[in-house]
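Residue-level listing of the chains:
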Amino acid sequence: MVQLVRSGLEGLRERCAGRVVSPQDADYEVMRKIWNGAIDRRPSVIVRCGGPEDVEAAVSFARQEGLEISVRGGGHGFGGAAVTDGGVMLDLSALRLIDVDAASRWASCGAGATWADLDAATQAYGLATPGGTISHTGVGGLTLGGGFGWLTRDHGLTADNLESADVVLADGRQVHASVREHPDLFWALRGGGGNFGVVTSFAYRLHPVPPDVRVAVLFWEAERGPAAVEVVDRIVTSLPEHVSALIGFGMSAPPAPFVPEEHRLRPGHTLILAGFGEPEQHVAVVQRVADALPPLFAFAESMPYPQLQSLLDESAPWGVPAYEKALDLPALGPEAIATLCEHAARKGSPMSFVPTFRLDGAFSAVPDDATAFGGSREPHYTLSITALASSADALEEEKEWVRDTWSAMLPHAGGTGTYVNFIADQDEDRVRASYGEEKYARLAAIKAAYDPDNVFHLNANIKPATGQAGM
Ligand code: FAD
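About the thresholds
- Residues numbered from 1 in each chain as written.
- Predicted model: local features only at pLDDT ≥ 70, side-chain atom pairs only at ≥ 80, totals over all residues.
- Heavy atoms only, no water.
- Axes fitted to C-alpha atoms, helices over the stretch in contact; angles between N-to-C directions.
- Helix = DSSP H or I, 4+ residues; strand = E, 2+ residues; numbered from the N terminus.
- Parallel < 35°, antiparallel > 145°, perpendicular 65-115°, else oblique.
- Left-handed = near helix turned anticlockwise from the far one by under 90°.
- Contact = heavy atoms within 4.5 Å.
- Nonpolar A, V, L, I, M, F, W, Y, C, P; charged D, E, K, R; others polar.
- Phe/Tyr/Trp six-rings, centres within 6.5 Å; stacked < 30°, edge-to-face > 60°.
- Buried < 20%, exposed > 50% of the residue type's maximum accessible area, 1.4 Å probe, protein only.
- Polar contact = N/O pair within 3.5 Å; in protein donor to acceptor, adjacent residues only side chain to side chain.
- Pairing = 2+ DSSP bridges.
- Near = heavy atom within 4 Å.
- Areas by Shrake-Rupley, 256 points an atom, 1.4 Å probe, with all protein chains shown as cover.
- Expected span 1.5 Å × (residues − 1).
- Arc of directions from axis to C-beta.

Caption draft 1: Just the packing of helix α8 (residues 225-236) against helix α9 (residues 279-292), in detail. As a packed pair, α8 and α9 sit with axes 10 Å apart at the nearest point and diverge in direction by 150 degrees. Regarding the angle of α8 to α9, the classification is roughly antiparallel. Judged by the sense of rotation from one axis to the other, the crossing of α8 with α9 is right-handed. Within the contact between the two elements, α8 uses Val 231, Arg 234 and Ile 235 and α9 uses Val 285, Arg 288, Val 289 and Ala 292. Of the residues that constitute the contact of α8 with α9, the class distribution is 5 nonpolar, no polar and 2 charged.

Caption draft 2: Local environment of the packing of aromatic side chains. Counted according to the given criterion, the structure contains 14 aromatic pairs. Measuring from centroid to centroid gives 6.2 Å for Trp 115 and Tyr 204, while their planes differ by 50 degrees, and the two rings are tilted. With a gap of 89 residues between them, Trp 115 in helix α4 (residues 115-123) and Tyr 204 in strand β10 (residues 198-205) connect regions that are remote in the sequence. Geometrically, the ring pair formed by Phe 219 and Phe 297 is stacked, given 5.0 Å between the ring centres and 15 degrees between the ring planes. On the criterion of sequence distance, the pair formed by Phe 219 in strand β12 (residues 213-221) and Phe 297 in strand β15 (residues 297-303) is long-range, its members being 78 residues apart.

Caption draft 3: Layout of the side chain of Ser 70. One can find Ser 70 in strand β3 (residues 69-72). Ser 70 gets classed as buried once you look at its relative accessible area, which sits at 0%. Here the side chain of Ser 70 touches Ala 82 through a polar contact of 2.7 Å, landing on its backbone oxygen. Among the polar contacts made by the side chain of Ser 70, one reaches the main-chain amide nitrogen of Thr 84 at a distance of 3.1 Å.

Caption draft 4: Broad picture of the sheet that holds strand β18 (residues 380-388). What the 7 strands build is an open sheet, ordered β15-β12-β14-β13-β17-β18-β16; its pairing is antiparallel. Bordering the open sheet on either side are β15 and β16 (322-329), each of which pairs with just one other strand. Sheet twist, expressed as the mean angle between neighbouring strand axes with direction ignored, is 15 degrees. Sheet topology note: the β12/strand β14 (residues 268-275) ladder contains 8 bridges and is antiparallel. For Ala 216, the partnering residue across the bridge sits in β14 and is Leu 273. Strands in contact with α9 are β12, β13 (243-249) and β14; relative to β12, the strand with the most contacts, it is inclined by about 5 degrees.

Caption draft 5: Seen up close, the pairing of strand β6 (residues 106-110). In terms of residue burial, β6 counts as a mostly covered element, since 4 of its 5 residues are buried. Strand direction decides the pairing type here: strand β5 (residues 98-101) and β6, joined by 4 bridges, are antiparallel. Counted as the bridge partner of Ile 98 is Cys 109 from β6. The antiparallel pairing of β5 with β6 creates a hairpin that spans 4 residues between the two strands, and Arg 105 there sits at a positive phi of about 50 degrees. Here 5 bridges tie β6 to β10, and the two strands are oriented antiparallel to one another. Bridge pairing in β10 places Gly 110 opposite Ser 201.

Caption draft 6: View of the site of the ligand. Taken together, 35 residues surround the ligand, and among them Gly 73, Gly 75, Thr 133, Phe 148 and Tyr 419 come closest. Contact between the ligand and Gly 75: an oxygen atom at 2.7 Å from a main-chain N or O atom of the residue. Notes on the ligand: free accessible area 940 Å², of which the protein chains cover 95%. At the level of elements, β3, α5 (139-145) and β10 are the ones that each hand at least two residues to the shell around the ligand. Ranked by the residues each element gives to the shell around the ligand, the list is headed by α5, at 4 residues. Broken down by class, the residue content of the shell around the ligand amounts to 18 nonpolar, 16 polar and 1 charged.

Caption draft 7: Representation of α9. The terminal C-alpha atoms of α9 lie 20 Å apart, and with 14 residues this matches the ideal 20 Å at 1.5 Å per residue to within 8%. Listing the buried residues of α9 in full gives His 282, Val 285, Val 286 and Val 289. Around the axis of α9, the buried residues are gathered within 95 degrees of arc, so they sit on the same side. Structural note: α9 exposes Glu 280 and Asp 291 on the side pointing more than 90 degrees away from its buried face. Looking at the buried side of α9, the elements it contacts are β12, α8, β13 and β14.

Caption draft 8: How the structure looks around unusual backbone geometry. Although it is not a glycine, His 182 sits at a positive phi angle of roughly 45 degrees. One can find His 182 in the loop between β9 (174-177) and α7 (183-189). Looking at His 182, the relative accessible area reads 27%, which means it is partly exposed. Unlike most non-glycine residues, His 242 shows phi in positive territory, near 70 degrees. Relative to the assigned elements, His 242 resides in the loop between α8 and β13.

Structure (structure tokens):
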């Protein structure tokens, strides 16, 4: 096998415009690393693809050599599916070309771009598409799993704003997927993850974003946890249009300049409110929260959208050892609040917390069968119970906290299904539960048509339906 790989490797190098890197190369160690510092896998070959032709060459090389394929966009997948042990890692991070057509409110974006790249390019025209809340996350994995963030209440998921994608299929063909071309594939790409091929470029619909977004951060100490969470729930479930919330349950006060020194790293709960409408409207919402339960400290400022998009970057630094488990909650009743507060207080690492997204508004206005998104379109919370530790050893203990918290919250959830991008462990049952029987069956049939041999299986994997191959 090693001999075969070596001889084939020269041929691959000749075919590729981008770099083909093996363990002997100096920068191999850097290139195999991803965001989650606990992932330590060693691909036989890393292909930093320079374009769709390189992707096609790498896929066909891997298939000829019988090597597993992994696809790396921004490298943010919690479980590290972007890195294969022993196989071929397709690194898309060089595909960062972005083209904005401001008049048509449209942007095409290379699949290796990060949200920082795309937001900077679109914001030059006062436009944006809904993206994630950490700017060094890749557009690739986030879009294909669904993608939500600050603009989701107003404009839906990232996938809801996808207009088309250029894809290299398992058999090496390059296709353009949209509502008109390969509509079944296009439907599956909007939530079905990396199962159907390697996307080399996305095209997104854009929306105007005001030059300044009003942002307020409110913090309550853990001792007032249940009262704080009850208020946060009441406010967040009745927000007016154009105000968006992100909750950090169990989030310790950051050691940031806006936090009074005596409160830095104090355990508690954080509510962040971002206002895209009239400033007075945002001020009124913040005032409602403060009147209901005065925070220990608060901070309010106006900032350009890209600054909001990177506000939380330091809470999830590149290279941190991480683990997570997620679940969806239809509502936060008193028992769920008590359980959440009790478990949040038991975390071992000051960095760990439970980022919680409220999904409603424009997100819920999209019919469930319009896209392959896994999870309910009904208004709900998605809780990502996230361990972030100072070392891989410390992470092992913190994983127990994640699992215990998840198990304790499960009786309050609508089942084990959740956002597929938050399923770190390979877990077929949870993937099925996330999509539901009907959607999973539709995805499995499309998988059978586009990737019958399950070449792309390092992902929230959908098994090809049997007896349905062929396009
Ligand atoms: P990668 O690890 O590079 O890719 C993950 C998987 O996606 C790959 O294994 C592959 O299967 C597939 N993939 C990626 N690119 C392609 C491609 N071009 N073609 C085919 N398959 C591809 N999600 C949200 O929706 N909102 C958030 O606010 C948010 N915040 C996050 C914050 C942190 C700190 C982390 C770690 C994750 C967050 N996520 C969020 C989850 C995020 O959506 C997923 O981790 C996503 O997979 C990241 O995409 P990536 O390209 O960076 O990751």
